[in-house]
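Overview (structure and organization)
Each chain, written out:
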Amino acid sequence: MRLGLILGDQLSDSLATLRVLDAGNDVIVMAEVPEEATYVRHHKQKIALLFSAMRHFAARLQDAGWQVRYYDYRQSVSLGFRSLVDVLAATVKEQNSTGQNKVSEIVLTRCGEYRLQHAIDHHWSDQLGLPVSVYEDDRFISTPEEFAQWAEGRKQLRMEYFYREMRRKTGLLMEAEQPLGGQWNFDHDNRAAYKREVPLPPPLTFTRSNTDQAVAQLVEQEFSGHPGAMDSFINGSSWATTRQQALQALIHFIEHRLPHFGRYQDAMISSAALGNAADTMFHSLLSPYINCGLLEPMEVCEAAAHAFHQGQVPLEAAEGFIRQIIGWREFVRGIYWNYMPQYAGLNGLQNNRSLPAVYWHGKTNMHCMKECFRNTFANAYAHHIQRLMVTGNFALLTGVNPQEICDWYLAVYADAYDWVELPNTLGMVMHADGGLLGSKPYCASGKYIARQSDYCRHCSYDVNTAEKDNSCPFNSLYWHFLQRHRQQFEKNPRMSMMYRSFDRMNEEKKAAIISRAENCLKNIDDL
Ligand code: FAD
Ligand code: DLZ
Ligand code: SF4
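Cut-off values and rules
- Residues numbered from 1 in each chain as written.
- Chains lettered and ligands numbered in written order.
- Predicted model: local features only at pLDDT ≥ 70, side-chain atom pairs only at ≥ 80, totals over all residues.
- Heavy atoms only, no water.
- Near = heavy atom within 4 Å.
- Nonpolar A, V, L, I, M, F, W, Y, C, P; charged D, E, K, R; others polar.
- Helix = DSSP H or I, 4+ residues; strand = E, 2+ residues; numbered from the N terminus.
- Buried < 20%, exposed > 50% of the residue type's maximum accessible area, 1.4 Å probe, protein only.
- Polar contact = N/O pair within 3.5 Å; in protein donor to acceptor, adjacent residues only side chain to side chain.
- Areas by Shrake-Rupley, 256 points an atom, 1.4 Å probe, with all protein chains shown as cover.
- Contact = heavy atoms within 4.5 Å.
- Salt bridge = Lys/Arg side-chain N within 4 Å of Asp/Glu carboxyl O.

To continue, consider the site of ligand 3. In the region of ligand 3, the neighbouring residues are Met-366, Cys-368, Gly-446, Ile-449, Tyr-455, Cys-456, Cys-459, Tyr-461, Val-463, Cys-472 and Phe-474. Partitioning the shell around ligand 3 into residue classes produces 10 nonpolar, 1 polar and no charged.

What follows covers unusual backbone geometry. Note: most residues except glycine have negative phi, and most peptide bonds are trans. Note that the residue after Met-340, namely Pro-341, is joined by a cis bond; omega there is 0°. Tracing the chain through its elements places Pro-341 in the loop between helix H15 (315–339) and helix H16 (358–361). Its identity is not glycine, yet Met-281 carries a phi of approximately 50°, on the positive side. With respect to the element layout, Met-281 can be found in the loop between helix H12 (271–274) and helix H13 (287–292). One non-glycine residue, Gln-350, lies in positive phi territory at about 50°. Along the polypeptide, Gln-350 turns up in the loop between H15 and H16. Judged by relative accessible area, Gln-350 falls into the exposed class, the value being 67%.

This part is about the site of ligand 2. Near ligand 2, the surroundings consist of 18 residues, among which Gly-8, Asp-9, Ala-31, Val-33 and Glu-36 are the closest. Contacts to ligand 2 include Gly-8, whose backbone N or O atom sits 3.0 Å from an oxygen atom. Taking Val-33, its main chain carries an N or O atom lying 3.0 Å from an oxygen atom of ligand 2. Relative to its unbound accessible area of 490 Å², ligand 2 is 100% covered by the protein chains. The biggest single contributor to the shell around ligand 2 is helix H3 (residues 44–63), with 3 residues. For the shell around ligand 2, the residue count by class is 10 nonpolar, 3 polar and 5 charged.

What follows is about the side chain of His-485. Within the secondary structure, His-485 sits in the loop between helix H22 (473–484) and helix H23 (486–489). Beyond its immediate sequence surroundings of up to four residues, His-485 is in contact with Leu-349, Asn-351 and Tyr-499.

In this section: the pattern of salt bridges. By the definition in use, this model includes 24 salt bridges. Of the charged contacts, one joins Asp-13 and Arg-60 as a salt bridge, the two residues approaching to 2.3 Å between their closest N and O atoms. Residue Asp-13 is located in the loop between strand E1 (2–5) and helix H1 (16–20), and its partner Arg-60 is located in helix H3; the two are separated by 47 residues in the primary sequence. Classification of Arg-60 by relative accessible area gives partly exposed; the value is 35%. In this structure, the salt-bridge partner of Glu-145 is Arg-110, at a minimum N-O distance of 3.1 Å. One end of the pair, Glu-145, is in helix H7 (residues 144–151); the other, Arg-110, is in the loop between strand E4 (105–109) and helix H6 (114–128), and 35 residues separate them in sequence. When its relative accessible area of 43% is taken as the criterion, Glu-145 is described as partly exposed. Within the structure, one salt-bridge network assembled from shared partners comprises Arg-110, Glu-136, Glu-145 and Arg-333.

By the secondary structure assignment, Thr-91 is in helix H5 (residues 84–97). Reaching out from Thr-91, the side chain makes a polar contact with the side chain of Tyr-71 at a distance of 3.1 Å. If sequence neighbours within four positions are ignored, Thr-91 has contacts with Leu-3, Val-29, Arg-69 and Tyr-71.

What follows is the structure in structure tokens.
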């Protein structure tokens, strides 16, 4: 008989492991283990979501006739298992000691993280004394090998061109070889600030099962030192934990959020004015489910395309959403597998500031940062622009060490896995990969935040000035960043205008701005 190990982010009925194995003869192993639960200090809700979704999935497999050996966290700890390979070794030993039906092979689907895949490829077979077979994760639209072929010989890797390949491959929003609407990308229509033209979507809450409640209790007790609050998980206003609930979330998104998704994709709004709905706006909140397998990327895209074909949503909304998934999501995964393990150590801008304490306690006078941290700790969520243009932008402008900020993003979001978090943080936010993922850094002053949100109206800092004691820190830090990295970026055609703007200022103003920035950097914990 064979043992099939299913990981916490492989909770899909279509998983290759389940296609390869035979429910009549083989056994599925699933386990909650310290090594996976603590390789960073995961947000409590991330652990609760995963453990509960794993338990629900295991029960579904059993109902479908599979034999499942499931080790919950306390069992793993009491049996002395730290890692998944410990669990497998013990299961093999136990099965073989029965004297019948010995384990002949371990079966897995390629896992999401280099750390674990490397151990599987290089050590597990020796450790277990058995062949270990790894099958491709075909829930993704492309494979790492396809990406490598596409990337080969290209001077620059641009998501847009890869995305077009994925549109052709999937046929989504295509008519023969042409994109519907005659355009591949409607991004320029997607930059609106939110002025309450349409109401924010209604909330969706989930009924909490006994399993959810047991897991919530476990997490509060065993992971009390991890960041984040559990309230929104416990009251059912944050995460789905079953396939059925995740499908409910998908339907809710298509009906209430997708019609306005594209238009307000880059908008941000304070929660004091509009309640919890402001934390998520028209975003889908589907990433944790797509990443752990409760939803599949293709079914989510097909649902969006179907809504367009039914006339329920405009083309730019469906296209904008589908691009995030078959474009960005696949693209960052391709980058990850193509450039790991070197990628994780890159530090192209040579940043070495320790992660400021505010990333853990969230207390600051900068209203935009405060809002993003509040959302993060309350819900294990922040939408893309909050991650990229607020907390990410601050880390970039202040020169935080890329590995430290990457670990933070990997810990605090319910959707965070190394393969997707790392290229987004190290590449997109920190520009630490020398421009592999983006041709220029997404650095911005407070003006961007003022344009895309209402944050600055509720802030004690003045977003209209850069050099004064109460000037928005982003403003002076932005110019300081550009000066620090003049050599790298001055010749970049997309950035040279910014340098010319700075150079046109009078010397006194320039000096005052740089001095304000230095003051902010010196007193970073008091901002
Ligand atoms: P929506 O705005 O509704 O987008 C729809 C879907 O598109 C998402 O569910 C997601 O599956 C996909 N998507 C959108 N943008 C990206 C992207 N840049 N890369 C990959 N997929 C994308 N996403 C993760 O899934 N896990 C992470 O660990 C993660 N870390 C990030 C770290 C930083 C610093 C930044 C800037 C972005 C990160 N992202 C990550 C991408 C993006 O912010 C999240 O996918 C998104 O905010 C999830 O919320 P949503 O489901 O409401 O997304
Ligand atoms: C994220 C996570 C956590 C918190 N816990 C577990 C776990 O106990 N058992 C498990 O199988 N998977 C867990 N995961 C997801 C894994 O970390 C993920 O499968 C690997 O990092 C590979 O992507
Ligand atoms: Fe953020 Fe600056 Fe606006 Fe305050 S003024 S909310 S710090 S961008």
